[in-house]
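In case you want the letters, here they are:
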Amino acid sequence: MSIYFDPQTLQFQLNTRTSSYIMQVRNGFLLHLYWGARLQNGDHSYFFREQGRAAFSPRMENGGGFILDDVPLEYPCWGRGDLRTPALEVRNPDGSNIVDLRYESHEILPGKPRIPGLPAVYVENDGECETLVVRLRDGVSGVEADLYYCVLEEYDVLTRYARIRNGGTDAVRLLRAMSASVDFDHTRYDILSNYGTHCRERQIERHPLQHGRFTISSRRGASSHVHNPFLLLASPTADETSGEVYASVLVYSGSFAAEAAGGQFDAARAMIGLNPEEFSWKLEPGEDFFTPESVLTYSGEGLGYLSRTLHHLFRTRLCRGKYRDARRPVLLNLWEACYFNFDEEKIKRIADSCAELGVELLVIDDAWFGERNSDNSSLGDWYVNRKKLPHGLEGVEEYLKPLGLDLGIWFEPEMISPNSDLYRAHPDWCLHVDGRPRSEGRNQLILDLCRPEVRDYLYDCVSAVLKDGRIKYVKWDYNRNMTEVGSPTLPADRQGEVTHRYYLGLYELLERLVGDYPDVLFESCSGGGGRFDAGMLYYMPQVWTSDNSDAIERLRIQYGTSLVYPLSAMSAHVSASPNHQTGHVTPFETRVCVALTGSFGFELDPTALSDAEREQVRQVAALHKELGEVLATGDYYRLRNPFEETCSAWCTVSADRSVCVAGYVLTHVRMYGNNERIALRGLKPDALYRERFTGETYRGDELMGFGLHAPTTLEYRSILWVLEEVSD
Ligand code: DGJ
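Reading guide: rules and limits
- Residues numbered from 1 in each chain as written.
- Predicted model: local features only at pLDDT ≥ 70, side-chain atom pairs only at ≥ 80, totals over all residues.
- Heavy atoms only, no water.
- Helix = DSSP H or I, 4+ residues; strand = E, 2+ residues; numbered from the N terminus.
- Contact = heavy atoms within 4.5 Å.
- Lys, Arg positive; Asp, Glu negative; His and termini not counted.
- Charge placed at Lys NZ, Arg CZ, Asp CG, Glu CD.
- Pairing = 2+ DSSP bridges.
- Axes fitted to C-alpha atoms, helices over the stretch in contact; angles between N-to-C directions.
- Near = heavy atom within 4 Å.
- Polar contact = N/O pair within 3.5 Å; in protein donor to acceptor, adjacent residues only side chain to side chain.
- Areas by Shrake-Rupley, 256 points an atom, 1.4 Å probe, with all protein chains shown as cover.
- Domains from an automatic or database assignment.
- Buried area = accessible area lost by both parts, 1.4 Å probe.
- Salt bridge = Lys/Arg side-chain N within 4 Å of Asp/Glu carboxyl O.
- Nonpolar A, V, L, I, M, F, W, Y, C, P; charged D, E, K, R; others polar.
- 1 Å grid on protein atoms, 1.4 Å probe; cavity = no way out; pocket = protein on both sides within 12 Å on 5 of 7 lines; lining within 4 Å.
- Points joined across faces, edges and corners; volume = space filled by probe spheres on them.
- Buried < 20%, exposed > 50% of the residue type's maximum accessible area, 1.4 Å probe, protein only.
- Phe/Tyr/Trp six-rings, centres within 6.5 Å; stacked < 30°, edge-to-face > 60°.

**Overview of the overall build of the protein chain**
Helix and strand content of the protein chain: 13 helices and 38 strands. Once the C-alpha set of the protein chain is aligned to its principal axes, its extents read approximately 85 × 70 × 45 Å. Long-range contacts, defined as pairs at least 24 residues apart, comprise 68% of the intrachain contacts of the protein chain with a sequence gap of at least 6. Measuring between centres, the 76 positive side-chain charges of the protein chain sit 1 Å from its 104 negative side-chain charges.

The structure is reproduced here in structure tokens:
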């Protein structure tokens, strides 16, 4: 039993393997009592401390209740005594925006309900989860909120979302409906978040939580390159191995907001959910609205434990399908090899060159369709360009088969080029607002996925390509953000629903496709990592991490991504040197070492490789086939921080701790620098490990206590260590 309810004290205690989350009903309000290290079940009522600090805030019920502004609330609402940022705000039929939610009832369910139309963490049997549903209700308006708390005890997480229902007699408008809100009784935390841009995604920023609101958000119609939909609060001294850290991660791909605010009594409130600036939603009587899910986890052992908890959950209970568990093929993507310039002959030359290298799948990227020779046309015209591929995709696939190569292709289904047959036939199928110009980004507009006929068209286009089973992999791209967000399918007073309805439409389309093509490996992409989020991972188990394929830049991007997302989700390719984005000249071994940290592949022209490099490719493809499972499913430890140090180092350890793959890259040479040694983590202290390339043996305690010597000269030099347990 993960959920314990005490009817005497009206306390709910939710226990995960190492944490407890405790709430109590008092005066009809659902109060937050505690979130932290696991406690024994019992009466924790004394945690609640009412200090009577009014400071201009009213006391409820004219003196008979709380000073609501000074109590920790589970789902704070706007309009009565709590003047902090609310989780819920509505516009009532009378024009007021008061919601006053009080406890009505609760139930405890085995398993985890599905959230209609939205991606979410799932369980494989009811024993993996228990769910608490607390019903709150506004007695005046009839608005109800069912707060869902799904406790996956063994996974060490709980998830939260809300179902808002209009139980009144007239329509209400939701102005703000967050997925989760947590009140903390002090502000002594650092906030950690990701920030970035195209080609420099998910950098890490850490700073103290202060008085005032700190928000990261996206109003771009995508989770975006700029911020990522999660928030971490960490004790100021927390590092990789120690300290308290709290995470909330949103399972959603569209516009979002995550906020942490220090308040007047030096308490803090953190919340995450749909971006209220982007959103309003009309609820007719009897209708309900589900917020996206947020995943909450606590670590008392620093950032490393927190990341491993999330990695394990996302890899095994968010990602789905055949490739959740199966080893992903070693692929070679043609984008950086050809860009828009290829034809069947060129693909055949590249395929010939791939044969015997150990590459398993060849991906034709952009420009195989319509009249597309640059980024200025044809999105929407998803039929093969016979001038380039006279024998179609089937001709290519038949050529590849005897070479031992599968075929994958690129799509950008959500977009439409104004210069396309589709646009000429359906100029109103894109998001737009009548009377205003349609702003193009990368010469393209965004299709209106609120429209069922658009979703059906896209399903048919993608299906037509996939249905003969020749295509084994799809890269699903999305290359601009939203502007002029309007849909003529909705009346004026529902235009605030467009972005969220777009995502409900996208999720419906993806659900159909991944359901109907379970053997296809789908990879999400948005100019690299512009939609690297838990929402997309529900449909596609890997994401093209960044359009920046430079190994040195990737050290930071992948390190930042690993705070929340598993390595198996990060596509990482060995690209050419000098790198096409940065011009860095990097040794082949270093590019391999960094790419092995993710879902592995190549992004280069194999016909341009020297014989020596071909041999290296062969060796690394073989190595990946052997170690791919450990790399994808092992426990990941960040050992050196490329944001703060002149090197980066990490290791991945198999579940049984018998194999460890460790990497080190020197990013900046300091003359006569320190002796550098890399202490590993996660090994068995008593076991003996042999390093595969040198044959040296070490004890686990030596490897973790002292570590391995690492080079301090030659910039961008790297070492890959493979340590395997051997008997004494
Ligand atoms: C953006 C992607 O991130 C690239 O990898 C490539 O697929 C291009 N789009 C193609 O247009």
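**Considering the sheet that holds strand β4 (residues 29–37)**
Read across the sheet, 4 strands follow the order β1-β2-β3-β4 without closing on themselves; strand pairing throughout is antiparallel. Every interior strand has two partners, whereas the edge strands, β1 (3–6) and β4, have only one. Neighbour-to-neighbour, the strand axes of this sheet turn through a mean angle of 15°, independent of strand direction. Sheet topology places strand β2 (residues 11–15) next to strand β3 (residues 19–26); 5 bridges connect them, and they run antiparallel. In the sheet register, F12 faces β3, and the bridge partner there is M23.

**Remarks on the site of the ligand**
Looking at the ligand, there are 13 residues lining it, with D365, D366, K475, D477 and D547 nearest. Contact distances for the ligand include 2.6 Å between an oxygen atom and a side-chain N or O atom of D366. N479 has a polar side-chain atom sitting 3.4 Å from a nitrogen atom of the ligand. Out of a free accessible area of 300 Å², the ligand has 98% covered by protein chains.

**Focus: the domain arrangement of the protein chain**
With domains assigned, the protein chain is organised as domain 1 (3–317), domain 2 (331–631) and domain 3 (640–726). Distance from the C-alpha centre of domain 1 to the C-alpha centre of domain 2: 34 Å. At the junction of the two partners, domain 1 supplies 49 residues and domain 2 supplies 42 residues. Around 3,800 Å² of area is buried between domain 1 and domain 2 when both sides are counted, 53% of it from carbon and sulfur atoms. Run the count over domain 1 and domain 2 and you get 2 salt bridges. In this structure, the connection of domain 1 to domain 2 is made through 34 residue pairs in polar contact (both at pLDDT 80 or more). Those elements that provide at least two residues to the side of domain 1 that touches domain 2 are β12 (200–208), β14 (230–234), β15 (245–250), β18 (281–283), β19 (288–290) and α1 (302–317). The biggest single contributor to the side of domain 1 that touches domain 2 is α1, with 6 residues. Grouping the constituent residues of the side of domain 1 that touches domain 2 by class yields 22 nonpolar, 15 polar and 12 charged.

**So, the layout of surface pockets**
Think of a ball as big as a water molecule: rolled over the atoms, this probe shows where empty space is left. Taken as a whole, the largest pocket holds about 900 Å³ of empty space. Those elements giving two or more residues to the lining of the largest pocket turn out to be β4, β10 (172–184), β16 (256–262) and β17 (268–274). Tallying contributions element by element places β4 first for the lining of the largest pocket, with 5 residues. A per-class count over the lining of the largest pocket returns 16 nonpolar, 8 polar and 11 charged. Lining of the second largest pocket is provided by 25 residues; of these, H198, N479, S526, G527 and D547 occupy positions nearest its centre. Across the lining of the second largest pocket, the residue classes break down as 7 nonpolar, 8 polar and 10 charged. Both of domain 1 (3–317) and domain 2 (331–631) provide at least three residues apiece to the lining of the second largest pocket.

**Structural notes on the pattern of salt bridges**
By the definition in use, this model includes 61 salt bridges. In this structure, the salt-bridge partner of K475 is D365, at a minimum N-O distance of 2.8 Å. Taken together, the positions of K475 in strand β26 (residues 471–476) and D365 in the loop between β22 (361–364) and α5 (392–400) put the pair 110 residues apart, joining distant regions of the chain. Just as K475 is buried, D365 falls in that class too. Within this structure, R135, R137, E144, D146, R163, R165 and D288 form a network of salt bridges that share partners.

**Overview of the sheet that holds β26**
The strand order β21-β22-β23-β26-β27-β28-β29-β30 describes a closed barrel built from 8 strands, whose pairing is parallel. On average, each strand axis in the sheet is tilted by 30° relative to the strand beside it, whichever way the strands run. By the bridge criterion, 5 bridges tie strand β23 (residues 406–411) to β26 in an arrangement that is parallel. Looking at the pairing, I409 lines up with V474 of β26. Here helix α11 (residues 588–595) sits on the sheet and contacts β29 (570–575) and β30 (599–603); the angle it forms with β29, its principal contact strand, is near 170°.

**So, α11**
Counting buried residues in α11 gives 7 out of 8 residues, a clear majority hidden from the surface. For α11, the full list of buried residues reads F588, T590, R591, V592, C593, V594 and A595.

**Side note on the packing of aromatic side chains**
Within this structure, the stated rule accounts for 38 aromatic pairs. Ring plane angle 55° and centroid distance 6.0 Å describe the contact between F29 and F66, whose orientation is recorded as tilted. Of this pair, F29 sits in strand β4 while F66 is found in the loop between β4 and β5 (88–91), placing the two residues 37 residues apart along the sequence. Residue classification places F29 among the buried residues on the basis of a relative accessible area of 5%. Judged by centre distance (5.0 Å) and plane angle (75°), the rings of W335 and Y339 are edge-to-face. By relative accessible area, which is 17% here, W335 ends up buried.

**As for the pairing of strand β38 (residues 718–726)**
Direction of pairing for strand β33 (residues 659–666) relative to β38: antiparallel, over a ladder of 7 bridges. Its bridge partner being in β38, V659 is matched across the sheet by E724.

**A few points about empty space enclosed by the protein**
Enumeration according to the criterion identifies 9 cavities of 30 Å³ or more in this entry. Here the largest cavity is characterised by a volume of approximately 130 Å³. Lining the largest cavity are 14 residues, with F29, Y75, P76, C77 and L101 positioned closest to its centre. Looking at side-chain class alone, the lining of the largest cavity contains 10 nonpolar, no polar and 4 charged residues.

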